[in-house]
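Coordinates in review
Spelled out from the first residue to the last, the chains are:
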Amino acid sequence: MLQSLFDGILVGSVLALGAIGLTLIMHILRFANFSHAELLSLGAYFALTFDAVFGAVSNVLVQKLPWLSVTWSLACAVLIAMALTGATAAIIDLLVFRRLRRLAGPLTMVFASFGVSLIVRNVIGLVYGLRSTHYNNDIVFAMMISADPLLLVKADQIFIMCLALVIMVALHLVLTRTSIGYTLLAVSENPTLAQVNGINLGATVRLAWMLGGGLAAIAGFCYALNNQLSPVMGRDLVLSLFAAAIVGGIGSIYGAVLGGLIVGLASSLALIIIPAGYKPAIPFLIILATLYVRPNGLFGQSR
Amino acid sequence: MIGLISYLTFFFTIALILAIAVLGLNLQWGFTGLFNGGVVAFFAAGAYGLIMLGGPARANEFGGFDLPYLIALAGGVLLSGVLALVVGLATTRLRHDYLAIATFGVAIAIESVARNAEYLTGGAKGLRGFERPLEAWVGQPQLYSFLFLCVVIVCLVGVYIALEKLVDSPFGRLLRAVRENERAAQSLGKSPAHIRLTAFVIGAMIMGLSGGLYATFYAFISPQDIAPILTFQIWAMLIVGGSGNNRGAILGTLVVWGGWVGSGWALTAFAPASMQLYAGSIQYILIGCIIVFTLLARPRGLLPERLTTTQYAESSVEKR
Amino acid sequence: MSSVARLDVSELTAGYVAGMPIISSIDVTVGVGEIVAVIGPNGAGKSTLLKAIAGLCHIESGAIHVDGTEVTGIRTDKLTRSGIAFVPQIENIFRSMTVEQNLILAGRRCDKQASSHVEKMLSLFPLLKKTYKKRAGELSGGQRQFLALAMALVAEPGLLLLDEPTAGLAPIAGQEVLSILREIANPGVGILLVEQNAKAALGLADRAYVLADGHNQHEGEARAMLSDPVLGEIYLGGRRRGDHAAKPV
Amino acid sequence: MRKVNLLSPRAALLSLLLPAIWISPTSTVLAADCETKIGAVLPTSVDWGRPIAETAQFAVDLFNESGGVKGCDIDMVLRDSQVDPKIGVDAAKALVDLDKVPLLLGAVSSGVSMPILTSVTVPSGVMQMSCCSSSTGFTDVAAEGKTNGLWFRTFATTRNQAAVAAKLVQDKGYKSVGIFYKNDDWGQDIGKLVKADLEKLGITVTTSVAINDAQPSYRAEVTEALKTKPEAVYMALYPAEGISVTREWVSLGGTQKMVVANSLKSDEYRDGVGFQYLSDVIGHDSAPPRTDSADSFTAMYKEKFDSEPNGPGLPNIFDAVMISLLAMEAAPELTGAAIAAQVGKVTDPSGTPVNADAAGLKEARALLADGKSLSYQGATGAVVFDANGDVSAPAVAWTFTEDGTAEAAYYPLADVDTFIATLSK
């Protein structure tokens, strides 16, 4: 039980990290971007590529960070991956979503994003192959915190949980305390009024994509660190991410984190009462229950 | 030539079966604004319902009542309707994204049951052994396929005419009123919740009919047939075709389904042999491109809903 | 009136979709420190005119000059950073943000230190001081309208475009809003005001335009219009009829 | 060991060349004057599906190099099934109707193969041979006489494999076992059988956990199994989720004593988990023949792919292709029924044994020309089909080695049957 509880929180942290970026994009750009999950894959693979590059360049970088299974070169690679994924997101917007935003409803954008995710996922599959891979082939063993009740935890996972919390707080501060944050919030609430107040819509949208892409990259990296890289990792994650964002309430950063934890906990604790075969349905039943009580999610506001 | 006719018969059979489901979705989304993310749940209810009621008995398993075909088909459709009623009562008050994810969850739950509840649904290996109606009587397989296509066309035309009549009726205007402005509809003295639920159930029953025909055609159904990708395919057909327009929905089905399978055929026909192994991935990329480019070229679908442009434009600017 | 008008709109044809203009060949000028009202029936294109000036519409032909500089087709955010303020009729504040955040965001338009301007607004609208940390969505209708005005003025614009500032307000609150306009217009701000409540608008304005069916119908001194019997019957009298009645002006 | 996986130049080139396909439609040009088309519907866009297609193409190439069918090169037209029945059936239908193939290889999943069988190949009189569809439903369809003898599969029935799995557990002396099975038709089937067999042997099954594919995390499933503290685990999984589950299992301190199904006999799994954690793993598989041909097959495969033919379905698809093509060679005319009728002749236990290499195929052609029957010795053994198109094969136990797998024990068919008989007592 204790272990399941912890597992849920740790798995949920990764989901929370991914859901923060998703909820931000959904809030600011006002459509359910199904290709967001592919940005997670893209970020993870960018990190893999640059890790290899840095690793080859310098021996010093191959050292591991204290406690973690992450090397310095991988840590640097993640930063580059964040920038590149953000840029890719902005470019995809330029090519596809910008035009649709002007001419069509949000549903058209949703399905365009489906199309985009098919393209991105399979390009990754062509370039990197379909097999799964890892940043580090050594298995990181869990530390036993307690034997009875059994509690096993990996340092990487604690790190990811802390990272999710730090990013949550940082992002919340940026959105509520800085004028860049005001700009993003303003565009999300009312793009026309934002323009009337001197906000450059195009630049803000690009900024939102950069931010969303960067967050996706770091979430993808964390997922891959804990599990594996595979071209379909985004596809596997997308539903849980949406579940987290929606349970939390679209647009709420805290909501996304809480939603991630809820979905993680739900799928972890569910196995205590139901057979594992039914597990995929669990997050969604949680959503149904949540929405039945709070139709706009836990922290969401009606539009 | 005979081969081509045989293939086209098959192609249109599947495409038009899917078109029926797309019409059902069009009633829900196009006319009423209900974002049903669980199309496949109602499709599955129709398909499984049919085979469970009309199939032969299976050892140690529920179902297999061997009922006459039409009763079994109606039973499947009814099952979809009942499922929609239960789901609808709980969810139709939700808006857009929230409704979509809730109904999506229902679809996943249904798929889980189909995959795991072996006693009820045959589990992952699916349900088989269903006798297609009149197949033995017709005898010749090609002729049977052709006759089956005719039956599908009759069903499609029937659903199309019924829906056109429905949306032109006062009830149809209410649907659009609910879609555009719930409060206005309320002020007309109608309960939007009731109207939304009615449209949801009718649309789901149409999807159930589509599922029933699908299961009849293959005489087999398994959890693989009701994967979430089907919901996506049906949605893509509607959006590409133009939601709010029944003819657009059918055209969209043919275009998306044609592009989906045609891209695979084109790759085997034109791509060099060395590339065949990668054709699967490339085909997906092509499918993605087809969807994205069609939407970029016709953002409101190939045959958009017939609205006066000024109204649309003004309201969309106003909304922003 | 100085030689260069705050706003000079000439032969403006514009709409929301290319090829489908809502207003055509409109001429409007607003002088320095002048309040100009635009009145007319529903659907006359009054709001469209304001949106077109603010760069939110598709302009087919014609020209817009602000302080003698042509601004036709310039992006809204650039326009509003160069001294034009536009207050839309509805949704003119950010409901999810606090009053403070709204004002700071609006103040960012001017390059100067925004905070001093915010202070000034608070003294101009003391109501907002009390609700400074509240979410704007929680304000009353009148308070929201004041906040919208404050957001428009915080960047010290030379030209203020107002779309029905009294719509949806109680009569007293509406009167309050309009009276504040007079105060702020003094330092030389030009105001273009679209109003449904023609009587109140004409009472406040220096000059007025009457629009119908997207065309200029009438132009003149506001006071003269108030006493014009024909106009009076159509727009100002108790026998206010439907929109169609306005056509044969 | 760090594994560097940079963008491979081939893949990069390929993505650059992509648009070129559309400008210059080049059809396949082969050496022989004539071409005979066969069809294949395989999930090439899925991680475990692409190697199967690769192996099928390899077998076809091998057959062509040795002279093709009736002097004509075989052109295998390959379509992706996307693991979607609708798509797979459409692809099969197009192959049968438009490309006029008399023979269809595929599909992999039973849920795709079944509708292809009932709605495409049987009505059109085309022979269908699947490498990997395991559903017992096919045996039922065949027993009802609805396949017209057109259906074959080279996937040894799950019954034998499950029994061998139980035997391995018993031989290893494990007293309690936790089971992870893939939640599809094959996994449910083998999971159930293994559980029943183990319990009959008096071995405790602590838990039996379904693993759904495409889940973001398997932590919860692993934790559940971990709680029951089994001495060993049995895994009937595919490499993708197998790697996830195993790594999660090992990292949480689960036992490294594992018995695994043939689907995990793959380089992907060994490399993905890491060999250092798999030293105590024993697996079961259907056996390659006790002849030199097995070695030469492996050698050929290694030369071509630089790895052993390890992976779900790889030997099975190889045999499916070879048997089908030999039957085509033997058939008087190239119709589905005629080819299907010859399958028995090329897999005749009393026929002359031939190997699946260039020399063997040459010999096979000569024997067939003389009207003699063959006993094909392939990658999964001396395959013999029963009346329902099913095969039973002898079994092997295998272990992972530094760079591949090694055979640990061989169980002739008779032994397996005897063992099953003792179980059902």
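Being a predicted model, the structure only gives us computed values, none of them experimental.

1. Here we look at the overall build of chain D
The helix and strand inventory of chain D stands at 15 helices and 14 strands. Taking 425 residues into account, the globule formula puts the C-alpha radius of gyration at 22 Å, and chain D, at 21 Å, falls close to it. Seen along its three principal axes, the alpha-carbon backbone of chain D occupies a region of about 65 × 55 × 40 Å. Across the 425 residues that make up chain D, the buried fraction comes to 65%. Across chain D, contacts joining residues at least 24 apart in sequence account for 73% of those joining residues at least 6 apart. Counting only carbon and sulfur atoms, one obtains 54% of the accessible surface of chain D, whose full area is about 13900 Å². Distance between charge centroids for chain D: 5 Å, based on 35 positive and 51 negative side chains.

2. Considerations on the domain arrangement of chain D
All names here are of chain D. Each assigned domain of chain D is listed with its residue range as follows: domain 1 (4-155 + 313-381) and domain 2 (158-287 + 394-423). Each of domain 1 and domain 2 has a C-alpha centre, and these two points are 29 Å apart. The interface is formed by 10 residues belonging to domain 1 together with nine residues belonging to domain 2. The largest share of the area that domain 1 buries against domain 2 comes from Trp48, Ser134 and Phe155, three residues that together contribute 47% of it. Inspection of the domain 1/domain 2 interface yields zero salt bridges. For the pair domain 1 and domain 2, the interface holds one residue pair in polar contact (both at pLDDT 80 or more). Looking at the side of domain 1 that touches domain 2 residue by residue, the classes come out as three nonpolar, six polar and one charged.

3. Description of empty space enclosed by the protein
Tallied over the full model, the rule gives 11 cavities of 30 Å³ or more. Of the voids in this model, the largest cavity is the one considered here, and its volume is about 230 Å³. Forming the walls of the largest cavity are 17 residues, and the residues nearest its centre are Lys154(A), Leu225(A), Asn226(A), Asn227(A) and Arg247(D). Looking at the lining of the largest cavity, the elements with two or more residues in it are α8 (201-226) of chain A together with α9 (239-251) of chain D.

4. Considerations on the packing of aromatic side chains
By the definition in use, this model includes 44 aromatic pairs over all chains. Between Phe62(B) and Phe65(B), the ring centres sit 5.6 Å apart and the planes meet at 85°, which makes this aromatic pair edge-to-face. Owing to a relative accessible area of 44%, Phe65(B) belongs among the partly exposed residues under this scheme. Centre to centre, the rings of Trp186(D) and Tyr238(D) are 5.7 Å apart; their planes meet at 55°, and the pair counts as tilted. Here Tyr238(D) lies in the loop between β8 (232-236) and α9 and Trp186(D) lies in helix α7 (residues 185-200), a separation of 52 residues in the sequence. Overall, Tyr238(D) belongs to the buried group, its relative accessible area being 11%. Across from the ring centre of Phe63(D), 4.8 Å away, lies the NZ or CZ of Arg365(D), which sits over that ring.

5. Focus: the pairing of strand β3 (residues 35-39) of chain C
Residue and element names in this part refer to chain C. Counting buried positions along β3 gives five out of five residues, so the element sits mostly inside the fold. Residues of β3 alternate between two faces, with Ile35, Ala37 and Ile39 on one and Val36 and Val38 on the opposite face, all of them buried. The pairing of β3 with strand β9 (residues 207-212) spans four bridges and is parallel. The partner of Ile39 across the bridge, within β9, is Val210.

6. A few points about helix α8 (residues 170-180) of chain B
Residues and elements named next belong to chain B. Among the residues making up α8, those that are buried are Gly172, Leu174, Leu175, Val178 and Arg179. Taken end-on, α8 shows its buried residues confined to a sector of 155°, consistent with a single buried face. Residues of α8 that are exposed and point over 90 degrees away from its buried face: Pro170, Arg173 and Glu180.

7. Considerations on the packing of helix α1 (residues 2-29) of chain A against α8(A)
Residue and element names in this part refer to chain A. Contact geometry of α1 with α8 gives a least axis separation of 8 Å together with a crossing angle of 165°. Considering their axes alone, α1 and α8 lie roughly antiparallel with respect to each other. Where α1 crosses over α8, the two elements pack in a sense that is left-handed. In contact with Val14, Leu17, Gly18, Ile20, Gly21, Leu24, Ile25, Ile28 and Leu29 of α1, α8 contributes Val205, Ala208, Trp209, Leu211, Gly212, Leu215, Ile218, Ala219, Cys222, Tyr223 and Asn226. For the contact of α1 with α8, the class distribution of residues is 16 nonpolar, four polar and no charged.

8. A few points about the state of the cysteines
Tallied over the full model, the rule gives two disulfides over all chains. Bridging Cys34(D) to Cys72(D), the disulfide has an S-S length of 1.9 Å. In this structure the cystine formed by Cys34(D) and Cys72(D) twists about its S-S bond by roughly -105°; its chirality is therefore left-handed. Residue Cys34(D) is found in the loop between α1 (9-23) and β1 (35-42), and its partner Cys72(D) is found in the loop between α2 (49-65) and β2 (73-80); the two are separated by 38 residues along the sequence. Here Cys72(D) falls in the buried class, since its relative accessible area comes to 14%. In this model, Cys131(D) is linked to Cys132(D) through a disulfide, with the two sulfur atoms separated by 2.1 Å. Judged by the sign of its S-S torsion, about -100°, the cystine formed by Cys131(D) and Cys132(D) is left-handed. An identical accessibility class is assigned to Cys131(D) and Cys132(D); each is buried. With cysteine numbering restricted to those in disulfides and following the sequence, chain D has the pairing 1-2, 3-4. Free cysteine Cys162(A): the closest other cysteine sulfur is in Cys222(A), separated by 11 Å. Accessibility expressed as a relative area gives 39% for Cys162(A), which makes it partly exposed.

Definitions and limits used
Residues numbered from 1 in each chain as written. Chains lettered and ligands numbered in written order. Predicted model: local features only at pLDDT ≥ 70, side-chain atom pairs only at ≥ 80, totals over all residues. Heavy atoms only, no water. Helix = DSSP H or I, 4+ residues; strand = E, 2+ residues; numbered from the N terminus. Rg over C-alpha atoms; globule rule 2.2 N^0.38 Å. Buried < 20%, exposed > 50% of the residue type's maximum accessible area, 1.4 Å probe, protein only. Contact = heavy atoms within 4.5 Å. Areas by Shrake-Rupley, 256 points an atom, 1.4 Å probe, with all protein chains shown as cover. Lys, Arg positive; Asp, Glu negative; His and termini not counted. Charge placed at Lys NZ, Arg CZ, Asp CG, Glu CD. Domains from an automatic or database assignment. Buried area = accessible area lost by both parts, 1.4 Å probe. Salt bridge = Lys/Arg side-chain N within 4 Å of Asp/Glu carboxyl O. Polar contact = N/O pair within 3.5 Å; in protein donor to acceptor, adjacent residues only side chain to side chain. Nonpolar A, V, L, I, M, F, W, Y, C, P; charged D, E, K, R; others polar. 1 Å grid on protein atoms, 1.4 Å probe; cavity = no way out; pocket = protein on both sides within 12 Å on 5 of 7 lines; lining within 4 Å. Points joined across faces, edges and corners; volume = space filled by probe spheres on them. Phe/Tyr/Trp six-rings, centres within 6.5 Å; stacked < 30°, edge-to-face > 60°. Lys NZ or Arg CZ within 6 Å of the ring centre and 35° of its normal. Pairing = 2+ DSSP bridges. Arc of directions from axis to C-beta. Axes fitted to C-alpha atoms, helices over the stretch in contact; angles between N-to-C directions. Parallel < 35°, antiparallel > 145°, perpendicular 65-115°, else oblique. Left-handed = near helix turned anticlockwise from the far one by under 90°. Disulfide = S-S within 2.5 Å.

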